Amino acid sequence: MIKITYVDAGGTAREIEAEEGSTVMENAIRNGIPGIDAECGGACSCATCHVYVDEAWTDVVGEPQPMEADMLDFAYDVRPNSRLSCQIRVRPELDGLIVHTPTRQG
């Protein structure tokens, strides 16, 4: 299994084991990670699964596709390392990934 660490706005880290092929958002929901609302269920039609990819992981995770970049316009406190967690597919290269949740979702 691939490990992902979610760090909330207060600094509390929660490490989970994620299944390859799933998304960072799906794993957050399955594991009760606070700060990921995922109102659209992963359809990339809201911005309530917004995360900040830890700086050490931005190159491995990659840039958002155009549709995701458009949806990020609706997110709260967007930064250069912002992504929608529903669009980050879990793969072996992401073992150890760290994402941070914003203080609130958009």
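The shown structure was predicted, so the numbers you read here are calculated from the model rather than taken from an experiment.

Peer 1: How should I be thinking about the packing of aromatic side chains in this particular structure?
Peer 2: The geometry of two aromatic rings is summed up by the distance between their centres and the angle between their planes. This model, assessed by the stated rule, comprises zero aromatic pairs. For R79, the ring lying beneath its charged end belongs to Y52, and the centroid distance is 4.0 Å.

Peer 1: Is there a simple way to explain the nonpolar core in this structure?
Peer 2: In a soluble, globular protein the nonpolar side chains are often hidden away together inside. Counting 28 residues, the largest nonpolar core has I4, Y6, V24, I36, L84 and L97 as its most contacted members. Every element with two or more residues in this core is listed here: strand 1 (2–7), strand 2 (13–18), helix 1 (24–30), strand 3 (50–53), helix 3 (66–72) and strand 5 (97–100). Setting aside its immediate chain neighbours within four residues, V24 contacts I4, Y6, S85, I88, V90, L97 and V99.

Peer 1: Even after reading the chapter, I still don't get unusual backbone geometry, so can you show me in this structure?
Peer 2: With glycine set apart, most residues show a phi of negative sign, and most peptide bonds adopt trans. One non-glycine residue, A38, adopts positive backbone phi at about 55 degrees. Structurally, the position occupied by A38 is in the loop between helix 1 and strand 3. Its relative accessible area of 13% is what places A38 among the buried residues. Positive phi values are uncommon outside glycine, yet D77 reaches one of about 55 degrees. Structurally, D77 can be placed in the loop between helix 3 and strand 4 (82–84).

Peer 1: So what exactly am I meant to see when it comes to the side chain of S82 here?
Peer 2: Structurally, S82 is set in strand 4. A distance of 2.8 Å separates a polar atom in the side chain of S82 from a polar atom in the side chain of H50. At 2.8 Å, the side chain of S82 forms a polar contact with the backbone nitrogen of R79. Setting aside its immediate chain neighbours within four residues, S82 contacts H50, V51, Y52, L72 and D77.

About the thresholds
- Counting of residues starts from 1 at the beginning of each chain's written sequence and follows it residue by residue.
- Residues qualify for local features only when their pLDDT is at least 70, as the model is predicted, and side-chain atom pairs are given and counted only at 80 or more; totals for whole chains, interfaces and linings, by contrast, use all residues.
- With hydrogens and water set aside, each side-chain value is computed from the structure's full complement of heavy atoms.
- We call Phe, Tyr and Trp rings a pair once their centres come within 6.5 Å, taking the six-membered ring for Trp, and we label the pair stacked below 30 degrees between planes, edge-to-face above 60, and tilted otherwise.
- Charge-over-ring contacts are defined here by two conditions on Lys NZ or Arg CZ: a distance within 6 Å of the ring centre and an angle within 35 degrees of the ring normal.
- Throughout, nonpolar core names a set of buried Ala, Val, Leu, Ile, Met, Phe, Trp, Tyr and Cys residues whose side chains join them through atoms within 4.5 Å.
- For each residue, the accessible area found with a 1.4 Å probe, counting protein chains only, is set against the maximum for its type, and the residue is called buried under 20%, exposed over 50%, and partly exposed in between.
- Only DSSP runs of H or I covering at least 4 residues are called helices, and only runs of E covering at least 2 are called strands; the numbering of each starts at the N terminus.
- Two residues qualify as a contact provided that any one of their heavy atoms is within 4.5 Å of a heavy atom in the partner residue.
- Pairs of N or O atoms within 3.5 Å make up the polar contacts considered here, provided that, within protein, one atom can donate a hydrogen while the other can accept it, and that residues adjacent in sequence are counted only when both atoms are side-chain atoms.

Function-wise, these values are silent; they only describe arrangement.
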